[in-house]
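As a plain string of letters, each chain reads:
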Amino acid sequence: MKRVITPKAPAFTKVSVLGLGYVGLPMAAVMATRGIEVIGIDVNKSVVEKINAGGIHIVEPGLDIVVRGAVAAGNLRASLTPEPAEAFIIAVPTPFKENNVPDMRYCEEAARAIAPVLKAGDLVVLESTSPVGTTEDISRWMAAIRPDLKFPHQHGEAADICIAHSPERILPGRVLIELVANSRIIGGITPKCAQRAAALYRMFVEGELHLTNARTAELAKLSENSFRDVNIAFANELSMVCEKVGVDVWEMIRLANCHPRVNILQPGPGVGGHCIAVDPWFIVHAAPEEARLIRTSREINEHKAEHVVDRVRHAAERFRAPVIACLGLSYKADIDDLRESPAVHIVKELAKGDFQILAVEPNVHALPADLAACANVEHADLDDAIERADIVVLLVDHKEFKLVPKSALLARIVVDTRGVWAGTP
Ligand code: SAJ
C-alpha cells in the first residue's frame with residue numbers, strides 16, 4: 001500500500017507582536033519572512049503608518065529591506081489595536097521610575113489590550129526584560145478581564161491560555177543575525193506553557209531553546225545584563241585608577257588580557273542603552289540587602305560619566321571662551337539609539353557651563369529636544385566641529401570618528417573616553 005505523507009501543519013499561522021521597537025519590529029519582520037501572518041501592534045500612529053508603507057523608524061543594519069519585503073509580500077502589517085491571533089508576543093519597554101523602581105505600566109497596558117481578543121488555546125509570550133514575577137502578573141492582569149477563561153497562574157496545566165517568558169538577547173547592530181542564531185531561554189508558568197512557546201520560536205530560531213520556569217527565565221535575563229554591567233564597572237574603575245597613577249589604561253588592559261583566563265572589558269564614558277543601564281536595578285530593587293556588588297557596579301558606571309564631565313571642565317579652565325566638540329551621542333557605536341546614553345548626559349551637564357558645545361552625531365538628523373533647547377549646543381558636522389574646537393571629547397567610537405587622522409587633533413586638548421585615539425597626546 002502506498003503511504004501518503006501529509007506535510008506537518010505549521011505550529012502557528014497568525015502571530016501578533018505588541019510593541020514595534022528595537023525588539024518587536026525585527027521579530028515581527030523575521031517571523032513574516034517565515035510565512036507567518038504577523039500583525040504588529042503599536043500605540044504610536046506614525047510608527048504604524050510608516051511600517052504599513054514599508055518603511056522603518058529605527059536604524060538597524062538590513063532591517064529596512066526585511067520589513068519592506070515582508071510588507072510587500074502581505075505577511076506583515078501594523079495596527080493600533082489588537083485583533084485575534086494564535087500567539088501574542090509582548091515586546092514593550094520596561095523602564096524604571098524615580099528611585100530605580102521598575103515601571104511595569106507598559107506591560108500591564110499590553111496585557112489588558114490583548115485580554116479582550118484572547119480565546120482558548122492561545123499563547124502569550126513576554127519578551128520584555130522584566131522583574132521576577134512579571135509573567136505571573138501578566139496572567140493575573142488578563143484573568144481579571146477574562147473570568148470566562150482559565151489562566152495558568154491559577155489553573156496550572158488545565159489553563160486555556162499558555163503564558164511564558166522568553167527574554168530577548170539580541171545585540172543592537174546585529175539584531176537580524178542574533179534573532180535567529182542566538183540560543184534562547186523559554187520559561188513557562190507551567191511546563192506546557194514552555195513547550196507551546198518553544199513551538200513558536202522553533203519556527204524561526206536556529207539557536208538552542210532552553211526550557212525552564214518563568215521566574216528562572218526572568219532572573220537569568222537580568223543576570224546576563226548585570227554580569228556585563230559588573231564587568232564594565234571593573235574596566236571603568238580601572239580607567240580611573242590608571243588616570244590617578246599615570247598608566248595608559250588601554251595598553252594595560254590589552255596586556256592583562258594576554259593572560260589565558262583574563263578578559264577585561266573596555267572602559268568608556270559610562271554604560272547606556274535601555275538594557276544594561278536599567279536591568280540591574282530590577283535585581284537591586286527585589287533584593288536590596290543582597291545585591292551589593294550589582295548596586296555598586298551601577299554606581300561606578302554612573303559615576304564614570306560625572307568623572308568625564310569633571311575632566312572636561314578641568315581642561316576648559318585653560319580657555320577664556322572654550323569651544324568643546326563632543327563626538328557621539330548614542331549609547332554605543334554605529335547606532336541611533338540615545339536611550340540612557342552617557343554621552344547625552346555628559347553633553348547636557350557640560351551645557352550648564354559657559355561653553356560653546358558642538359555636538360556631532362552622524363546617526364541622527366536632529367538633536368534630541370532637551371539638547372536642542374540649550375542655546376549653547378549646536379548640532380555640528382564632524383570636520384567643522386574639530387576645526388573649531390579647543391577641546392575634543394570622544395564619547396562614542398562611531399566608524400566615522402575612527403577615521404579622523406591624529407594630525408587633525410593637533411593643538412587641541414583630547415579627552416578620548418573610548419580609546420579610539422589611544423596614544424594621542
Ligand atoms: N560598554 C562598555 N564597555 C564594553 C562593552 C560595552 O563601556 O566593553 C558599554 C556600551 O558602550 C554601552 C553599554 O555598555 O553603553 C551596553 O552596550 P552592550 O553592547 O554591552 O549591550 P547592549 O545594551 O547593546 O545589549 C545588551 C546585550 N546583553 C549582553 O550582552 C549580556 C544584549 O544581548 C541584550 O539583548 C540587550 O542588552 C538587551 O536588550 O537586554
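Draft legend 1. Molecular detail of the sheet that holds strand S13 (residues 413-416). Spatially, S11-S10-S9-S12-S13 is the arrangement adopted by the five strands of the open sheet, whose pairing is parallel. Of all strands in the sheet, those bounded by a partner on one side alone are strand S11 (377-379) and S13. Adjacent strand axes in the sheet meet at a mean angle of 20 degrees when their direction is disregarded. As paired elements, strand S10 (residues 356-360) and S11 share three bridges and run parallel to each other.

Draft legend 2. The arrangement of the packing of helix H4 (residues 105-114) against helix H5 (residues 134-145) in detail. Contact pair H4 / H5: the axes reach a minimum separation of 9 Å and the direction vectors enclose 40 degrees. Judged by the angle between their axes, H4 and H5 are oblique. When the axes of H4 and H5 are compared, the crossing they make is right-handed. When H4 is examined against H5, the residues Cys107, Glu108, Ala111, Arg112 and Ile114 are found in contact with a partner set consisting of Ile138, Trp141, Met142 and Ile145. Classifying every residue of the contact of H4 with H5 by side-chain character gives seven nonpolar, no polar and two charged.

Draft legend 3. Fine view of the nonpolar core. One finds Met31, Leu76, Val124, Ile138 and Met142 to be the most contacted residues of the largest nonpolar core, which totals 74 residues. Once you skip the residues sitting within four places of it in the chain, leucine 76 turns out to touch Ala28, Ala29, Ala32, Val38, Ile51, Val67, Ala70 and Val71.

Draft legend 4. Expanded view of the sheet that holds strand S2 (residues 37-41). Strand order in this open sheet of eight strands is S3-S2-S1-S4-S5-S6-S7-S8, and the pairing throughout is mixed. Where the open sheet ends on each side, the last strands, each with one partner, are strand S3 (76-79) and strand S8 (209-213). Strand-to-strand, the axes of this sheet are offset by a mean angle of 25 degrees, without reference to chain direction. In this structure, strand S7 (residues 184-188) lies alongside S8, joined through five bridges in parallel fashion. Its bridge partner lying in S8, glycine 187 is registered against threonine 212. The strands touched by helix H1 (residues 24-33) are strand S1 (14-18), S2, S3, strand S4 (87-90) and S7; relative to S1, the strand with the most contacts, the crossing angle is about 170 degrees.

Draft legend 5. Geometry of helix H13 (residues 342-351). Within H13, eight of the 10 residues are buried, which leaves it mostly tucked inside the rest of the structure. When H13 is considered as a whole, its buried residues turn out to be Pro342, Ala343, Val344, Ile346, Val347, Glu349, Leu350 and Ala351. Contacts from the buried residues of H13 go to helix H12 (292-316), strand S9 (323-327), S10, helix H14 (369-372) and S11.

Draft legend 6. Expanded view of the site of the ligand. Contacts to the ligand come from 19 residues, most closely from Glu168, Lys221, Arg228, Cys275 and Tyr331. Backbone polar atom of glycine 272 to an oxygen atom of the ligand: 2.9 Å apart, as the coordinates give it. The separation between an oxygen atom of the ligand and a polar side-chain atom of arginine 418 is 2.7 Å. Computed on the free molecule, the ligand has an accessible area of 770 Å², of which 89% lies beneath the protein chains in the complex. Here the residues of the shell around the ligand are counted per class, giving nine nonpolar, three polar and seven charged.

Draft legend 7. Examining unusual backbone geometry more closely. One non-glycine residue, asparagine 100, lies in the positive phi region at around 60 degrees. With respect to the element layout, asparagine 100 can be found in the loop between S4 and H4. Notably, aspartate 334 is not glycine yet its phi reads approximately 60 degrees, a positive angle. You can see aspartate 334 is positioned in the loop between S9 and H13.

About the cut-offs
- Counting restarts for each chain: residues are numbered from 1 in the order of the written sequence.
- Note on the predicted model: pLDDT of at least 70 is required for a residue's local features to be given, and 80 or more for side-chain atom pairs to be given and counted; whole-chain, interface and lining totals, by contrast, use all residues.
- Calculation of side-chain values draws on the structure's entire complement of heavy atoms; hydrogens and water are dropped beforehand.
- Strands are labelled as partners when DSSP assigns at least two bridges between them.
- By the criteria applied, helices consist of DSSP H or I runs no shorter than four residues and strands consist of E runs no shorter than two, each listed in order from the N terminus.
- Angles run from 0 to 180 degrees between N-to-C directions of axes, and those axes are lines fitted to C-alpha atoms, restricted for helices to the stretch in contact.
- Roughly parallel refers to an angle under 35 degrees, roughly antiparallel to one over 145, roughly perpendicular to one between 65 and 115, and oblique to any angle outside these ranges.
- Two helices crossing with the near one rotated counterclockwise from the far one by less than a right angle form a left-handed crossing, whereas a clockwise rotation gives a right-handed crossing.
- Contact between two residues is taken to exist if any of their heavy atoms lie within 4.5 Å; hydrogens are not considered.
- Side-chain classes are defined by residue name, with Ala, Val, Leu, Ile, Met, Phe, Trp, Tyr, Cys and Pro counting as nonpolar, Asp, Glu, Lys and Arg as charged, and the others, Gly among them, as polar.
- Here, the term nonpolar core denotes a set of buried Ala, Val, Leu, Ile, Met, Phe, Trp, Tyr and Cys residues that are joined through side-chain atoms within 4.5 Å.
- Burial classes follow relative accessibility: with a 1.4 Å probe on protein chains only, a residue under 20% of its type's maximum area counts as buried, one over 50% as exposed, and anything between as partly exposed.
- When at least one non-hydrogen atom of a residue lies within 4 Å of a molecule or strand, that residue is treated as near it.
- N or O atoms within 3.5 Å of each other form a polar contact, as long as, within protein, one can give a hydrogen and the other can take it, and as long as residues adjacent in sequence are counted only when both atoms are side-chain atoms.
- A 1.4 Å probe and the Shrake-Rupley method give the accessible areas. Residues count as covered only by the protein chains that appear here.

None of this, on its own, says anything about what the molecule does.
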